[in-house]
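Tertiary structure, described
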Amino acid sequence: MEGAQEELERRSKFLKSLIQKKKTIEQQEQHDHLQHNNVRVRACDMPLPLQNRAFRCARDLLDSMPSKKLDSKRLALTLKKEFDTSYGPAWHCIVGTSFGSYVTHSFGGFVYFSIDKVYVLLFKTAVEPLDHS
Amino acid sequence: MLEGKAVIGETDMLQTMQQDATDLASKALDFFDVTEAIEIARFIKKEFDRMHGPGWQCM
């Protein structure tokens, strides 16, 4: 009986170490990905896959723009539409090089990051259905 | 009180609320330095939440 207990503990420890190792690798990959794309997360309440989607979308669009000419409105529009389509309404996006903000956002729907010298605020708010009574 | 006229760029808001917004912006600039953007935004947002119900955003 004791042998079985020890075996269970050994397996449990082994699984925990595997999970920990996987987490560490994922964090390292995320860090490398951010470094490579020149992204810095300033504030965040958002799952990693959504964050990465925002970074990738912003990076692709910035790369497609002529250098020295930032079309911040286009970047904001694209990110907003992308997230509205994929994750439901209502997302809001502010893009610029100098702005302050104070917002109320839905749980898990907020990220503020910089990419190159551009700052991006992307957040979600709850949508109340229109009362047609 | 801060001198100078507020210029409204684009709007979809009642005239009275527009007036509240410009008044609050002016008040915020009396309270805070122009570089304290987050504090200014926080002040206007909180006041609008109080005056006109929750859910306002300010940049």
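Description of the structure in this document.

Criteria and cut-off values
- Residues numbered from 1 in each chain as written.
- Chains lettered and ligands numbered in written order.
- Predicted model: local features only at pLDDT ≥ 70, side-chain atom pairs only at ≥ 80, totals over all residues.
- Heavy atoms only, no water.
- Pairing = 2+ DSSP bridges.
- Helix = DSSP H or I, 4+ residues; strand = E, 2+ residues; numbered from the N terminus.
- Axes fitted to C-alpha atoms, helices over the stretch in contact; angles between N-to-C directions.
- Phe/Tyr/Trp six-rings, centres within 6.5 Å; stacked < 30°, edge-to-face > 60°.
- Buried < 20%, exposed > 50% of the residue type's maximum accessible area, 1.4 Å probe, protein only.
- Salt bridge = Lys/Arg side-chain N within 4 Å of Asp/Glu carboxyl O.
- Contact = heavy atoms within 4.5 Å.
- Buried area = accessible area lost by both parts, 1.4 Å probe.
- Polar contact = N/O pair within 3.5 Å; in protein donor to acceptor, adjacent residues only side chain to side chain.
- Parallel < 35°, antiparallel > 145°, perpendicular 65-115°, else oblique.
- Left-handed = near helix turned anticlockwise from the far one by under 90°.
- Nonpolar A, V, L, I, M, F, W, Y, C, P; charged D, E, K, R; others polar.

Digging into the sheet that holds strand E1 (residues 39-45) of chain A
Residue and element names in this part refer to chain A. Read across the sheet, four strands follow the order E1-E3-E4-E2 without closing on themselves; strand pairing throughout is antiparallel. Here the strands that pair on one side only, and so sit at the sheet edges, are E1 and strand E2 (91-96). Neighbour-to-neighbour, the strand axes of the sheet open up by a mean angle of 10°, direction not taken into account. Sheet analysis places E2 next to strand E4 (residues 118-124), joined by six bridges and oriented antiparallel. Paired with His 92 across the two strands is Phe 123, which belongs to E4.

Comments concerning the packing of aromatic side chains
With the rule as written, the count across this model stands at nine aromatic pairs over all chains. Considering the side-chain rings of Phe 99 of chain A and Tyr 112 of chain A, the 6.2 Å spacing of their centres and the 65° angle between planes classify their relative orientation as edge-to-face. Taken together, the positions of Phe 99 of chain A in the loop between E2 and strand E3 (110-115) and Tyr 112 of chain A in strand E3 put the pair 13 residues apart, joining distant regions of the chain. In this structure Phe 99 of chain A comes out as partly exposed when scored by relative accessible area, which is 22%. Looking at Tyr 112 of chain A, the relative accessible area reads 21%, which means it is partly exposed. Ring centres of Phe 31 of chain B and Phe 32 of chain B lie 6.4 Å apart, and the angle between their planes is 90°; this geometry places the pair in the edge-to-face category. Of the aromatic side chains, those joined through ring pairs into one cluster are Phe 83, Tyr 87 and Trp 91 of chain A.

Observations regarding the pattern of salt bridges
Pairing between side chains becomes possible if they bear opposite charge and their charged atoms approach one another. Residues and elements named next belong to chain A. Summed over all chains, the structure comprises seven salt bridges over all chains. Of the charged contacts, one joins Asp 116 and Arg 59 as a salt bridge, the two residues approaching to 2.7 Å between their closest N and O atoms. Separated by 57 residues along the polypeptide, Asp 116 in the loop between E3 and E4 and Arg 59 in helix H2 (residues 48-64) bring together distant segments of the chain. Take Arg 59: its relative accessible area is 11%, and that puts it in the buried class.

Description of the interface of chain A and chain B
Every contact between the two is made by ten residues of chain A and, on the other side, ten residues of chain B. Note on chain A versus chain B: buried area summed over both sides is about 840 Å², and carbon and sulfur give 62% of it. It is Gly 100, Tyr 102 and Thr 104 of chain A that lose the most area in chain A upon contact with chain B, and together they represent 66% of the buried surface on that side. Applying the counting criterion to the chain A and chain B interface returns zero salt bridges. For the interface between chain A and chain B, the tally reads four residue pairs in polar contact (both at pLDDT 80 or more).

Overview of the packing of helix H1 (residues 15-31) of chain B against helix H2 (residues 37-52) of chain B
All names here are of chain B. H2 packs onto H1 with a crossing angle of 140° between their chain directions and a minimal axis gap of 9 Å. Regarding the angle of H1 to H2, the classification is oblique. In terms of crossing hand, the pair formed by H1 and H2 is right-handed. Where H1 abuts H2, its residues Met 17, Asp 20, Ala 21, Leu 24, Ala 25, Lys 27, Ala 28, Leu 29 and Phe 31 lie against Ile 40, Phe 43, Ile 44, Glu 47, Phe 48, Met 51 and His 52. Here the contact of H1 with H2 is composed, by residue class, of twelve nonpolar, one polar and three charged.

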